[in-house]
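Structural features, examined
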Amino acid sequence: MDTMVKGCLDYLDEGVSPFHAVEASARRLDDAGFTRLEESQPWSLEKGGKYYTTRNGSSLIAWRMPRETLGGWRGAAAHSDSPTYRITATKVDDPRYARARVEGYGGMRPATWIDRPLTMAGRVLVRTENGVETRLVCPDKDLLCIPSVCVHFDRDGAKGGPLNAATDLQPIFGAKGADLAREIAGAGDVLQYDLVLVPRQKAVTVGMNEEFFMAPRIDDLGAAYATLQGFLAGRGSDDRGDLWCLFDNEEVGSGTRQGALSNFLSSVLARAEQALGVTAEQHVCAQANTLMLSADNAHATHPNHPELSDSAHPVTLNGGVVVKYNASQKYTTSALTGALFGEICRRAEVPVQPYYNRPDMPGGSTLGNLLSWQNSVAMVDIGMGQLAMHSAVETAGCEDVVYMAKAVAAFYNTRLAQPTDGNWTIAD
């Protein structure tokens, strides 16, 4: 197995919650020599330095400072969250079973969560002598399941009828009297928690030649891993800074303190530019010479239902990096930024696949158009093609992980500038 693919599978297994995904990313940044900074503390930044900071424990921004002056930024952004079910109560009164209460987070395919082993993961807030402390938990055991109603009692449901979140999708975790809270009690004196249901299936390769892989959370941790590897392969620059962002809450609109609509990125940029002595004039110039990648996976053409995709723009697993376009600007790729990124990929010998929604089927939005509300910079929406998006377990192509990492590395290692509006220079 390709080491890049193996690394992606490991990352998917580690990122069982946004908090765990940030921790997994931070470990890789630590290993690469990046210095962790706290938002609540003063920063002492040096030219050529490598840093990262987190917010809420579920979002992270890493960056390389330019070695000399700032002429612009290159960045990639992905998200740490995936559709799941959030635990709102670890114990519900029931005369027969021990049950938890859950609430849907994001837009998922509910039926895929039924009749499979589940555990829980996230953070707990524990009381300490000095106040409150965050600790991550993920019991390594099959704890919960959401049982289906048998076909004999639910003939309509067997035909794919709708599921009610309050009555059909609540999990059990034992016989009456069992206490799910015991599984997190070892973390300490628990005051509160942010816990979600987690499928127990590990990331695996499938296919006669291991062409594909299946895992929970491929949207969007697959893109997060590949862009992080591309970022770490960046050489840095004398006159440009490099960014890698992992935002939480994309699946519910990003309108949180740690989401793409927050001031997290603009705050980091402001502090970095202040350390470089950037003037207001230089800031405007740098913004005009900035290019960002919004990395959120794309729908591959379904083998059983190709009619659901735009027939003029089919997307295939292992067909290369997907560049996403939308007339209503749900995706922010323009002809200019698409051409620019396509040329970078051509020089890196990475295939590119354009994606458009079928004209009568609106799609979702991504980080790109949300980030632009706070940071008006040129952007490209990219992703890896995948099947079964927002299911409990999704499917993608192994080669696409390598393609994405290679393309993003080339993106960071290519010299770009916009001397006049609408014209970019490219140099290796």
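Residues numbered from 1 in each chain as written. Predicted model: local features only at pLDDT ≥ 70, side-chain atom pairs only at ≥ 80, totals over all residues. Heavy atoms only, no water.

1. Comments concerning unusual backbone geometry
Each neighbour pair has its own omega, and for Asp 219 with Asp 220 the value is 15°, a cis peptide bond. Inspection of the secondary structure puts Asp 220 in helix α4 (residues 218-232). If you check the backbone angles, Arg 217 has positive phi at about 70° while not being a glycine. A positive phi angle, near 70°, is found at Ser 254, a position not held by glycine. (Helix = DSSP H or I, 4+ residues; strand = E, 2+ residues; numbered from the N terminus.)

2. Topic: the environment of Ala 165
Among the structural elements, Ala 165 can be located in the loop between β8 (131-137) and β9 (172-175). Along the chain, Ala 165 and Thr 119 lie 46 residues apart, while their C-alpha atoms are 19 Å from each other.

3. Observations concerning the sheet that holds strand β16 (residues 321-324)
On the basis of which strands lie adjacent, the open sheet formed by nine strands has the order β1-β2-β3-β13-β4-β14-β18-β16-β17 and mixed pairing. A strand with exactly one partner marks an edge of an open sheet, and here the two such strands are β1 (35-37) and β17 (352-355). The sheet shows a mean angle of 25° between the axes of neighbouring strands, direction not considered. In the packing of helix α9 (residues 398-412) onto the sheet, contacts are made with β3 (59-64), β4 (73-79), β13 (241-247), β14 (291-295), β16 and β18 (378-383), and the angle to β4 comes to roughly 150°. (Pairing = 2+ DSSP bridges. Axes fitted to C-alpha atoms, helices over the stretch in contact; angles between N-to-C directions. Contact = heavy atoms within 4.5 Å.)

4. Regarding the state of the cysteines
Counting across every chain of the model gives zero disulfides. Residue Cys 398 stays outside any disulfide, its sulfur separated by 8.6 Å from that of Cys 8, the closest cysteine. (Disulfide = S-S within 2.5 Å.)

5. Comments concerning the pairing of β14
The buried fraction of β14 amounts to five of the five residues, a majority that puts the element mostly inside the structure. On β14, burial covers both faces: Leu 291, Leu 293 and Ala 295 on one face and Met 292 and Ser 294 on the other are all buried. For β14 and β18, the ladder comprises five bridges, and the chain directions are parallel. Within β18, the residue paired with Leu 293 across the bridge is Val 380. (Buried < 20%, exposed > 50% of the residue type's maximum accessible area, 1.4 Å probe, protein only.)

6. Overview of the pattern of salt bridges
Applying the stated criterion across every chain, the model contains 21 salt bridges. Among the ionic pairs, Glu 39 bridges to Arg 55, the shortest N-O distance being 2.9 Å. Within this pair, whereas Glu 39 is found in the loop between β1 and β2 (50-55), its partner Arg 55 is found in strand β2, the two being separated by 16 residues in sequence. Considered together, Glu 39 and Arg 55 belong to a single accessibility category, that of buried residues. One salt bridge in this structure joins Lys 141 and Glu 183, with 3.2 Å as the shortest N-O distance. You can see Lys 141 sitting in the loop between β8 and β9 and its partner Glu 183 sitting in helix α3 (residues 182-185), a full 42 residues away along the chain. Note on Glu 183: relative accessible area 27%, which makes it partly exposed. (Salt bridge = Lys/Arg side-chain N within 4 Å of Asp/Glu carboxyl O.)

7. Notes on helix α7 (residues 335-347)
For α7, built from 13 residues, the straight-helix expectation of 18 Å at 1.5 Å per residue is met to within 8% by its first-to-last C-alpha distance of 18 Å. All of the buried residues in α7 are Thr 337, Gly 338, Leu 340, Phe 341, Ile 344 and Cys 345. Buried residues along α7 cover an arc of 165° about the axis, so they all sit on one side. Exposed and facing more than 90 degrees away from the buried side of α7 are Ala 335 and Arg 346. Positive phi appears at Glu 349, one or two residues downstream of α7, with a value of about 60°. (Expected span 1.5 Å × (residues − 1). Arc of directions from axis to C-beta.)

8. Details of the sheet that holds strand β12 (residues 212-215)
The five strands lie next to each other as β11-β12-β20-β19-β15, forming an open sheet whose pairing is mixed. Single-partner strands in this sheet number two, and they are β11 (204-206) and β15 (298-299). Two elements, β15 and strand β19 (residues 385-387), share two bridges in a ladder whose sense is parallel. Residue pairing for β19: Ala 298 is matched across the bridge by Gly 385.

9. Focus on the packing of aromatic side chains
Inspection of every chain in the model, using the stated rule, returns 10 aromatic pairs. A centroid spacing of 5.5 Å and a plane angle of 50° characterise the contact between Tyr 11 and Tyr 225, whose relative ring orientation is tilted. Here the residue Tyr 11 occupies a position in helix α1 (residues 3-14), and Tyr 225 occupies one in helix α4, the gap between them amounting to 214 residues. The class for Tyr 225 is buried, based on a relative accessible area of 5%. An angle of 85° between the planes, with centres 6.4 Å apart, marks the rings of Phe 247 and Phe 264 as edge-to-face. Separated by 17 residues along the polypeptide, Phe 247 in strand β13 and Phe 264 in helix α5 (residues 264-275) bring together distant segments of the chain. For the residue pair Phe 247 and Phe 264, the accessibility class agrees, reading buried in each case. Members of the aromatic cluster, each reached through a chain of ring pairs, are Phe 34, Phe 231, Phe 411 and Tyr 412. Note that Arg 64 overlies the ring of Phe 231, its terminal NZ or CZ placed 4.3 Å from the centroid. Over the ring of Tyr 412 we find Arg 64; its NZ or CZ atom is 5.9 Å from the centre of that ring. (Phe/Tyr/Trp six-rings, centres within 6.5 Å; stacked < 30°, edge-to-face > 60°. Lys NZ or Arg CZ within 6 Å of the ring centre and 35° of its normal.)

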